[in-house]
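Commentary on secondary and tertiary structure
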Amino acid sequence: MAGLYHFGKRMTLPSSVQIKHDLRLLMLAESIKDLEQQLVGLGAPPVKATSKHPATDLPQLF
């Protein structure tokens, strides 16, 4: 795995598989927000959805 030096300490970089996974999560979250806005624009009642993911935010890339 490649490394990066930051303030004299070596930091590991994420793998390309992890980067692709994080980008897919971000793209899916954006598409869900867009679809929810379209539903509101159509006058549909808001959908109550609960996330099964333990974190409330999307994971940070670094």
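Moving on: the overall build of the protein. Summing up its helical and strand segments, the protein has one helix and two strands in all. N-terminal to C-terminal, the α/β element order of the protein is β-β-α. Looking at the protein as a whole, 2% of its 62 residues qualify as buried. Surface accessibility of the protein: about 6100 Å² in total, with carbon and sulfur atoms responsible for 63%.

Another point: helix α1 (residues 16-41). Helix length check: α1 (26 residues) gives 37 Å between terminal C-alpha atoms against 38 Å at 1.5 Å per residue, within 8%. Remark: Gly43 follows α1 within two positions and exhibits a positive phi of approximately 85°.

Before going further, it helps to spend a moment on the confidence of the model for the protein. Looking at the protein, the pLDDT average stands at 78 and 65% of residues meet or exceed 70. Of all secondary-structure elements in the protein, the lowest mean pLDDT belongs to strand β1 (residues 3-6), at 76, while α1 reaches the highest, 91.

Parameters at a glance
Residues numbered from 1 in each chain as written. Predicted model: local features only at pLDDT ≥ 70, side-chain atom pairs only at ≥ 80, totals over all residues. Heavy atoms only, no water. Helix = DSSP H or I, 4+ residues; strand = E, 2+ residues; numbered from the N terminus. Buried < 20%, exposed > 50% of the residue type's maximum accessible area, 1.4 Å probe, protein only. Areas by Shrake-Rupley, 256 points an atom, 1.4 Å probe, with all protein chains shown as cover. Expected span 1.5 Å × (residues − 1). pLDDT = per-residue confidence, 0-100.

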